[in-house]
Amino acid sequence: MVDYHSAGQPYPYGGNGPGPNGDYMAQEDDWDRDLLLDPAWEKQQRKTFTAWCNSHLRKAGTQIENIDEDFRDGLKLMLLLEVISGERLPKPERGKMRVHKINNVNKALDFIASKGVKLVSIGAEEIVDGNAKMTLGMIWTIILRFAIQDISVEETSAKEGLLLWCQRKTAPYKNVNVQNFHISWKDGLAFNALIHRHRPELIEYDKLRKDDPVTNLNNAFEVAEKYLDIPKMLDAEDIVNTARPDEKAIMTYVSSFYHAFSGAQKAETAANRICKVLAVNQENEHLMEDYEKLASDLLEWIRRTIPWLEDRSPQKTIQEMQQKLEDFRDYRRVHKPPKVQEKCQLEINFNTLQTKLRLSNRPAFMPSEGRMVSDINTGWQHLEQAEKGYEEWLLNEIRRLERLDHLAEKFRQKASIHEAWTEGKEAMLKQKDYETATLSDIKALIRKHEAFESDLAAHQDRVEQIAAIAQELNELDYYDSPSVNARCQKICDQWDVLGSLTHSRREALEVGKRQLETIDELHLEYAKRAAPFNNWMESAMEDLQDMFIVHTIEEIEGLIAAHDQFKATLPDADREREAILGIQREAQRIADLHSIKLSGNNPYTSVTPQVINSKWERVQQLVPTRDRALQDEQSRQQCNERLRRQFAGQANIVGPWMQTKMEEIGRISIEMHGTLEDQLQHLKHYEQSIVDYKPNLELLEQQHQLVQEALIFDNKHTNYTMEHIRVGWEQLLTTIARTINEVENQILTRDAKGISQEQMQEFRASFNHFDKDHCGALGPEEFKACLISLGYDVENDRQGDAEFNRIMSLVDPNGSGSVTFQAFIDFMSRETTDTDTADQVIASFKVLAGDKNYITAEELRRELPPEQAEYCIARMAPYRGPDAAPGALDYKSFSTALYGESDL
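Because the structure is a prediction, the values reported are computed rather than measured. Each chain carries its own residue numbering, running from 1 in the written order of its sequence. The predicted origin of the model limits local features to residues at a pLDDT of at least 70 and limits the giving and counting of side-chain atom pairs to 80 or more, whereas totals for whole chains, interfaces and linings rest on all residues. As a rule here, side-chain values come from all non-hydrogen atoms in the structure, and water together with hydrogens is ignored.

Within the protein chain one finds 33 helices and seven strands. A fraction of 74% describes how many contacts in the protein chain between residues 6 or more apart in sequence connect residues 24 or more apart. Accessible area of the protein chain: about 44,900 Å², with a carbon and sulfur share of 50%. Put simply, DSSP marks the helices as runs of H or I at least four residues long and the strands as runs of E at least two long, and each gets a number from the N terminus on. In this analysis, two residues are considered to be in contact whenever any of their non-hydrogen atoms come within 4.5 Å of each other. For every accessible area listed, the method is Shrake-Rupley and the probe measures 1.4 Å; residues are considered covered only by the protein chains on display.

Time to look at the sheet that holds strand 5 (residues 855-856). Through backbone hydrogen bonds, the strands of a sheet pair up, either in parallel or in antiparallel fashion. Two strands pair if DSSP finds at least two bridges between them. Pairing within the open sheet is antiparallel, and its three strands lie in the order 5-7-6. Each edge of the sheet is formed by a strand with only one pairing partner; in this case those strands are strand 5 and strand 6 (877-878). In the sheet, strand 5 pairs with strand 7 (residues 888-890) via two bridges, with the strands oriented antiparallel. What sits directly across from Thr856, in strand 7, is Ala888.

Moving on: the pattern of salt bridges. Here, a salt bridge means any Lys or Arg side-chain nitrogen found within 4 Å of an Asp or Glu carboxyl oxygen. Taken as a whole and judged by the stated rule, the model has 45 salt bridges. The partner of Arg506 in a salt bridge is Glu453, with the nearest N and O atoms 3.1 Å apart. With Arg506 in helix 18 (residues 481-511) and Glu453 in helix 16 (residues 439-458), this residue pair connects regions lying 53 residues apart in the sequence. Relative accessible area decides the class of each residue, using a 1.4 Å probe on protein chains only: under 20% of the type maximum gives buried, over 50% gives exposed, and in between gives partly exposed. Assessed through its relative accessible area of 24%, Glu453 is described here as partly exposed. Arg726 is the salt-bridge partner of Glu701, the closest N and O atoms lying 3.0 Å from each other. In this pair, Glu701 is assigned in helix 24 (residues 694-709) and Arg726 in helix 25 (residues 722-753), connecting sequence segments 25 residues apart. Overall, the relative accessible area of 24% leaves Glu701 in the partly exposed class.

Glancing now at the side chain of Gln868. Here Gln868 is to be found in helix 32 (residues 866-875). Setting aside chain neighbours within four positions, we find Gln868 in contact with Cys275, Leu278, Ala279 and Gln282.

On to the environment of Asp812, then. With respect to the element layout, Asp812 can be found in the loop between helix 28 (798-811) and strand 4 (819-820). As for Asp812 and Phe824, which are separated by 12 residues in sequence, their C-alpha atoms are 9.5 Å apart. If near-sequence neighbours (up to four positions away) are discounted, Asp812 is found in contact with Gly817 and Ser818. What qualifies as a polar contact is a pair of N or O atoms within 3.5 Å, subject to a donor-acceptor requirement within protein and to the restriction that residues adjacent in sequence count only when both atoms come from side chains. Engagement of the side chain of Asp812 in a polar contact is seen with the side chain of Ser816, the distance being 2.9 Å.

Let us now look at helix 6 (residues 132-148). Here a helix's expected span is defined as the number of its residues, less one, multiplied by 1.5 Å. Its 17 residues give helix 6 an end-to-end C-alpha distance of 22 Å, which sits within 8% of 24 Å, the value for a rise of 1.5 Å per residue. In terms of burial, helix 6 is a largely internal element, 15 of the 17 residues being buried. Measuring from the side-chain oxygen of the N-cap residue of helix 6 to the backbone nitrogen of Lys133 gives 3.1 Å; that N-cap residue is Asn131.

The next point concerns the nonpolar core. In this structure, Trp185, Phe191 and Phe257 are the most contacted members of the largest nonpolar core, which totals 77 residues. The definition of a nonpolar core used throughout is a set of buried Ala, Val, Leu, Ile, Met, Phe, Trp, Tyr and Cys residues joined through side-chain atoms within 4.5 Å. One finds Ile712, Trp729, Leu787 and Phe827 within the second-largest nonpolar core, a separate group that totals 49 residues.

Before going further, it helps to examine empty space enclosed by the protein. Think of a 1 Å grid over the protein atoms and nothing else: a 1.4 Å probe that fits but is trapped marks a cavity, an open set flanked by protein within 12 Å on at least five of seven lines marks a pocket, and residues with an atom within 4 Å of a point count as lining. Grid points are joined across faces, edges and corners, and a volume is the space filled by probe spheres set on the points. Following the criterion strictly, the structure yields two cavities of 30 Å³ or more and no others. Of the voids in this model, the largest cavity is the one considered here, and its volume is about 40 Å³. Lining the largest cavity are Met428, Leu445, Lys448, His449, Phe452 and Arg505. When residues in the lining of the largest cavity are grouped by element, the largest group, four residues, is from helix 16. Charged residues are taken to be Asp, Glu, Lys and Arg, nonpolar residues to be Ala, Val, Leu, Ile, Met, Phe, Trp, Tyr, Cys and Pro, and polar residues to be all remaining types, Gly included. Its residues assigned to classes, the lining of the largest cavity comprises three nonpolar, one polar and two charged. As a volume, the second largest cavity reaches approximately 30 Å³. Mapped by element, the contributors of at least two residues to the lining of the second largest cavity are helix 1 (39-57) and helix 10 (236-240). When grouped by side-chain class, the residues that make up the lining of the second largest cavity number three nonpolar, two polar and three charged.

Here a Phe, Tyr or Trp ring, Trp counted by its six-membered ring, pairs with any other such ring whose centre lies within 6.5 Å, and the pair is stacked when the planes are under 30 degrees apart, edge-to-face when over 60, and tilted otherwise. On inspection of all chains with the given rule, the structure shows 21 aromatic pairs. Between Trp165 and Tyr258 the ring centres are 5.1 Å apart and the planes differ by 80°, which places this aromatic pair in the edge-to-face class. In this pair, Trp165 is assigned in helix 7 (residues 158-170) and Tyr258 in helix 11 (residues 247-261), connecting sequence segments 93 residues apart. With centroids separated by 6.1 Å and ring planes inclined at 75°, the aromatic side chains of Phe845 and Phe894 adopt a geometry described as edge-to-face. A residue pair is termed long-range when its members are at least 10 positions apart, and Phe845 in helix 30 (residues 838-848) and Phe894 in helix 33 (residues 891-898) qualify at 49 residues. The structure contains a cluster of three or more aromatic residues connected by ring pairs, namely Phe181, Trp185, Phe191, Phe221, Tyr253, Phe257 and Phe261. When the ring centre of Phe146 is taken as reference, the NZ or CZ atom of Arg145 above it lies at 5.2 Å. Across from the ring centre of Trp421, 4.9 Å away, lies the NZ or CZ of Lys425, which sits over that ring. Placement of a charge over a ring requires the Lys NZ or Arg CZ to be within 6 Å of the ring centre, with the centre-to-atom vector within 35 degrees of the ring normal.

Glancing now at helix 20 (residues 553-568). Helix length check: helix 20, at 16 residues, gives a terminal C-alpha distance of 22 Å against a target of 22 Å (1.5 Å per residue), a fit within 8%. The set of residues buried in helix 20 consists of Ile553, Ile556, Ile560, His563 and Phe566. Buried residues of helix 20 fall within an arc of 140° about the axis and therefore sit on the same side. Summarising the geometry of helix 20, the exposed residues directed more than 90 degrees from the buried face are Gln565 and Ala568. To obtain the arc, one takes the directions from the helix axis to the C-beta atoms.

One can find Glu542 in helix 19 (residues 521-545). Residue Glu542 is classed as buried on the basis of its relative accessible area of 7%. Every residue in contact with Glu542, bar those within four places of it in the chain, is listed here: Gln413, Lys414, Ile417 and Arg462.

Here we come to the environment of Lys343. The residue Lys343 is located in helix 13 (residues 318-359) in this model. Looking at Lys343, the relative accessible area reads 13%, which means it is buried. Remark: the alpha-carbon pair of Lys343 and Asn377, spanning 34 residues in sequence, is separated by 8.7 Å. The residues touching Lys343, leaving out its near neighbours within four places in the chain, are Leu298, Ile376, Asn377, Trp380 and Arg738.

This brings us to the packing of helix 1 against helix 11. Axes, fitted as lines to C-alpha atoms, cover a helix only where it is in contact. Angles between the N-to-C directions of the axes lie from 0 to 180 degrees. Two numbers describe how helix 1 lies on helix 11: the axes approach to 9 Å, and their chain directions differ by 25°. With respect to each other, helix 1 and helix 11 are oriented roughly parallel. Considering the relative orientation of helix 1 and helix 11, their crossing is left-handed. Between helix 1 and helix 11, the residues in contact are Gln44, Thr48, Phe49 and Trp52 and Lys248, Ala249, Thr252 and Ser256, respectively. A class-by-class count of the residues in the contact of helix 1 with helix 11 yields three nonpolar, four polar and one charged. Here is the rule for angles: anything less than 35 degrees is roughly parallel, anything more than 145 is roughly antiparallel, 65 through 115 is roughly perpendicular, and the remaining ranges are oblique. It is the rotation of the near helix from the far one that decides the hand of a crossing: anticlockwise by less than a right angle makes it left-handed, clockwise makes it right-handed.

To continue, consider the confidence of the model for the protein chain. It should be kept in mind that the predicted coordinates are not to be read in detail where pLDDT is low. A score from 0 to 100, pLDDT tells how confident the predictor is in each residue. Overall, the predicted model of the protein chain reaches an average pLDDT of 80, with 88% of residues at or above 70. Taken together, the stretch residues 1-37 has pLDDT below 50 and engages in 112 contacts with residues farther than four places along the chain or on a different chain. Contacts of residues 515-519 to residues separated by more than four positions or lying in other chains number 15 contacts, the stretch itself having pLDDT below 50.

Another aspect to go through is the environment of Glu126. Assignment of secondary structure puts Glu126 in helix 5 (residues 124-128). Note: C-alpha distance between Glu126 and Arg72 (54 residues apart in sequence) is 8.9 Å. From its side chain, Glu126 meets the backbone nitrogen of Gly123 in a polar contact 3.1 Å long.

Structure follows, in structure tokens:
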């Protein structure tokens, strides 16, 4: 048994296909061997293949009746191959023995293999034994190689080319939609449409009905056999009664139509070339208009937004500033994200447009002044700078107003206490009671005045604190500074008056000091000890009622610790109180003992035991109140700490994840394994995985919202801020979108230039080899080394330097000093492939015009689709040559203008 083997995948009928690489028609892999078990399909294949073989064998004066019997001796098989190839095969053996038959079949199989068809598992023994499956597979391989392989329509070949040809020819016909080679042909209209398109006099297409497929099919088969010399290869009832007609039978029969009508292809090819060029031009014009509008809208939004972000007009209250902060959050959440997407899409559209213009040999697109991508990037940078400064200013203003409110309240509290203390002091100092007082009264007055001086000195700190707070409010630009300053000035002026009056009264009392003999030392001691104790109680009450503001758990714990220290001093203070009250009780006891009548209260102080006890009770009441306030604030700060940790935990996951993704994208964009479609698919899956991660970012935004609402301004548990996360997310989306766009542009370049996947991989391998720093671009020296490795003569001499400078002007027209992979591919594709030129388009128009130097509107409308015909008519200038006819149009200047060689 003789076998034909190959290293590829098994071909469905035992071979890898008729192409030079064994896979020129990879779509035929869908021929499943099991399908041959379907009797309806096998019947159609037998009839179609037999008719096809006979259409060629009759040229040699013979035919076959049974396809798996008549080829067993190999004689008619060899004759068939000679007829369809036009070549002579080795002389057959005429013996009747099995070995002679096997040798003849082997000669036929050898000839098939010599045409680049690699077969697997098809041996001469199976054909000689009449194996129907193997015989049908062999005939289908011959049909593919000699009837279908060479079909080429608009850069597609074989099955795809034949399908595209059918679609183009039947497109104008109603009820015809050719998408495949099975069910699209069941109603027979497609066959009739093909015939009518080329020979309209043979078919009355408008009289055909879609609901009468048998009549339609028989009509097409009979007309084809009678007038086109295409034998009847199919049976109408078989096609109609089969759910899915045999694809190979349909393809074989349709290919006969293609070859019968191939003479009409020249004009269609010319028209298609023009349509292709015009379609590219129209699409590019639409892309330019879309770019201009999108760029204008985005720049206008940036111009409107920047003044709002640069407005630093301060507000008077925290509520007004918080409203500004809420407006800014709405801008960040609602208004900015769509503009980020628009900016990214604008860059992608611009890059895609430039790539398409390069690939179609059109001049590069130059946007209107002020609408370049660089202008948009500059405006965007200004926007983000203003945005960053605006957010910092808002937070600082809120802190400032919060500080101002606290200071203002503290000022009012201290001022009220001081004003209450000074009430009546001026009138008391102005009294002349010492003039009529007895010696004991004068001594009492002196002692009282000394106690007042002690009290006055104790109040000096409070006055200084009031002045310092007022000064700080002025420095922080407090909105109600005039009233604060007026009140502070009044307190200071009154303090100066009290000081002056105190000094004057002391001098008056000192005059009569020599007349004083006795004084109640106990009253004096009481006054001296009661005054500072009373001041201590007032300070304690002031501190216990003092407002506090903290931002961290440590600060509130510090306040709690200080409060605990204060409570620890209360026992000593209580003993001091008892001692002071004991002095008063001792004075009363002595007076009672010696029958001395005291004149009312202690003459040296206004602080009575009742006042001390009352204030002490007030201190005792304020301590637990202060405890509760501190505990409430501690709970709030603990809640804030939980918010900090919650945000930090999520941010410390999202931040490194985005950084890792950015690194992986950079690595993917450099390594690029597999085909460009695989790379694009991989990148799109990668992009989807990034988009799927967005809920984590939204969760982080929600946590950040809670942090902002709690007025938490710092977080020691993480180095990531929400701004860092947002910027990183925007950069990640932009980077993956740009990488996908680069691969799509490489696919456009590859498909437009006819570059194979192996060439693309070779270009990528060469580029990566010399991209030592993996930055995605080659420096001049790296690029020169790459060119030398590819065989270019750019060594360091005068001629080599000139050639290198010429190439650099092509790949780096802006003089940036680096060569991107896209520019490298464009250069290599120009070096290795051809593209449409103005001369080719002129030649195509000349075909449509019947070799005339001009073309008419009627000819354009007849040969081109309506939209593109009208496009040409609207833009073509009248033809002025000596052979001009009425309505003649100049297609030469129009074709030249398409490629930027003159104005369109």
